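# Fold and geometry: a report
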Amino acid sequence: MQSANTMFILLGAIMVLAMHAGFAFLEVGTVRHKNQVNALVKIITDFAISTLAYFFIGYQIAYGLDFFAGATDLVVNSGYELVKFFFLLTFAAAIPAIVSGGIAERAKFYPMLIASALIVAFVYPFFEGIIWNGNYGFQDWLHTTFGASFHDFAGSVVVHSVGGWIAFAAVFLLGSRRGRYRDGRVVAFAPSNIPFLALGAWILAVGWFGFNVMSAQTLDGISGLVAVNSLMAMVGGTITAMVAGRKDPGFIHNGPLAGLVAVCAGSDLMHPIGALVVGGVAGALFVYVFTLAQNRFTKFDDVLGVWPLHGLCGAWGGIAAGIFGLEAFGGLGGVSFMSQLIGTFAGMAVALIGGFVVYGFVKAVSGIRLTEEEEFNGADLSIHKIGSTSEL
C-alpha cells in the first residue's frame, strides 16, 4: 500500500510540475513579442532555484524535516517522504511563477531570481507550516476559539492568495511599464499570441486536477467530490468571465483559472452546486478587478492580472470554504466562517509584509528594473541576446 501511495503522490507531483508549462505559455501569449523568451526562461529558472531553496531551507521551516541522511534512510516506505517533498515543492515553486506574470516585461533577471529564492526559502514556508503543519499554535487557537481550524485543502490561500499578494508587493515596487499610461489613460498592449495564451490556460486547467485531487496525498484520502467540485468551479469561472468580459479571449481563458483558484480551499467539503457558485463569483471578480486596476491604478501595472486572479480569488476561496462548506449550504461541515476569515487575512498579511521586505531589500541592494533602453528593446534581446523567432 505504501508503494501505491508513493506512486499516487508522484503522479500528482508530475501533474503540478506540468502546470509550470501552463504558467510559461500563459505568460508567453500575454506579453509582447519582444518579451516571450524571457517569460519562458523565468519560469524554468525560477523552478530550479525554488527547488534548491525549498530542499535546503524552506521544507525544514515548514515541516521540521530535512534530507541530510543516508540514502538507505530516505528510501523507507518506498521513498514516500521524498516524493511528498517533490509534490509540495511544486506548490512552493508556483509562488515565483505567479509573481512572474505580474512583473513581466521590465524586471531584471538575477535580482528577481534571488528574490524568488528568498520567498520560497523563508516567506512561503513560514505560512505553509502554520497552516499545514500546525506551527506556532495558530491553528490550535482558531480551533479552541471558533470550534474549527482554518481549512485550506489544496491552497486557495496558502499557495494562491499568498502568491498573489506577494506579487502585489513586487508589482507595486517595480512600477508600470514605459508607455503603459498616457495622460492618465491606459494604452493597450495587445497579447502577442492568443493560441499560446489559450494553451497555457488549458495546461493549467488539466494539471489542476492533480493539484486539487492529489492534495489528499494518499489513496485512502482520495475523493471524487474534489474532482467534480474542481470541474464545476472551472466551468462557473469560464461562464461568468465570458459574460462579464464580453467574449474577450483573455478573460475567457483566465476565467476557469479564477474558478479553480477559488475552489482549492473547500473542494473537499462543498456541494458541486456550491463550487459552481464559488467559481462563478471568482470569474466575475477577476474580470472586474483586473479591468479596474488597469484603468485606475496608473502606477500598478500587473501584466497578467495575477493579483486579482490569485490574490483576490484565492482570498475569496478561503472565505467561501467557511460558507459553502457548512452543512446549511450543502457542504460536509466541520468549518468555521470566522476561522476562514481570520486565516485568510493572516495569509494576506504574511504575504504583503514578506513581499515588501524581500523585494524592497533586493531593490535597495541591486535594483529590480531594466533601464529604459533595455525595456524598449525588450527583455529577450536585453537579457538573453536572442528573440523568440529568427528574422526571415
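Everything here concerns the structure above.
Calculation criteria
- Residues numbered from 1 in each chain as written.
- Predicted model: local features only at pLDDT ≥ 70, side-chain atom pairs only at ≥ 80, totals over all residues.
- Heavy atoms only, no water.
- 1 Å grid on protein atoms, 1.4 Å probe; cavity = no way out; pocket = protein on both sides within 12 Å on 5 of 7 lines; lining within 4 Å.
- Points joined across faces, edges and corners; volume = space filled by probe spheres on them.
- Helix = DSSP H or I, 4+ residues; strand = E, 2+ residues; numbered from the N terminus.
- Nonpolar A, V, L, I, M, F, W, Y, C, P; charged D, E, K, R; others polar.
- Phe/Tyr/Trp six-rings, centres within 6.5 Å; stacked < 30°, edge-to-face > 60°.
- Buried < 20%, exposed > 50% of the residue type's maximum accessible area, 1.4 Å probe, protein only.
- Lys NZ or Arg CZ within 6 Å of the ring centre and 35° of its normal.

### A few points about the layout of surface pockets
As a volume, the largest pocket reaches approximately 620 Å³. The wall of the largest pocket is formed by 27 residues, among which Arg180, Phe189, Pro191, Phe251 and Phe290 lie closest to the centre. Listing elements by their share of the lining of the largest pocket, those giving two or more residues are α1 (2-30), α9 (194-213), α11 (249-263) and α12 (272-296). Here the element with the most residues in the lining of the largest pocket is α12; it accounts for 5 residues. Class assignment for the residues of the lining of the largest pocket results in 16 nonpolar, 6 polar and 5 charged. Counted as a void, the second largest pocket has a volume near 170 Å³.

### Let's talk about the packing of aromatic side chains
Summed over all chains, the structure comprises 29 aromatic pairs. Ring geometry for Trp165 against Phe168: centres 5.5 Å apart, planes inclined by 40 degrees, an arrangement best described as tilted. In this pair, Trp165 and Phe168 are both assigned in helix α8 (residues 156-174), 3 residues apart and thus about one turn of the helix distant. We classify Phe168 as buried; its relative accessible area is 19%. Members of the aromatic cluster, each reached through a chain of ring pairs, are Tyr54, Phe55, Phe56, Tyr59, Tyr63, Phe67, Phe68 and Phe85. In this structure, Arg32 packs its charged tip against the face of Phe189, placed 3.9 Å from the ring centre. Across from the ring centre of Phe189, 5.4 Å away, lies the NZ or CZ of Arg180, which sits over that ring.

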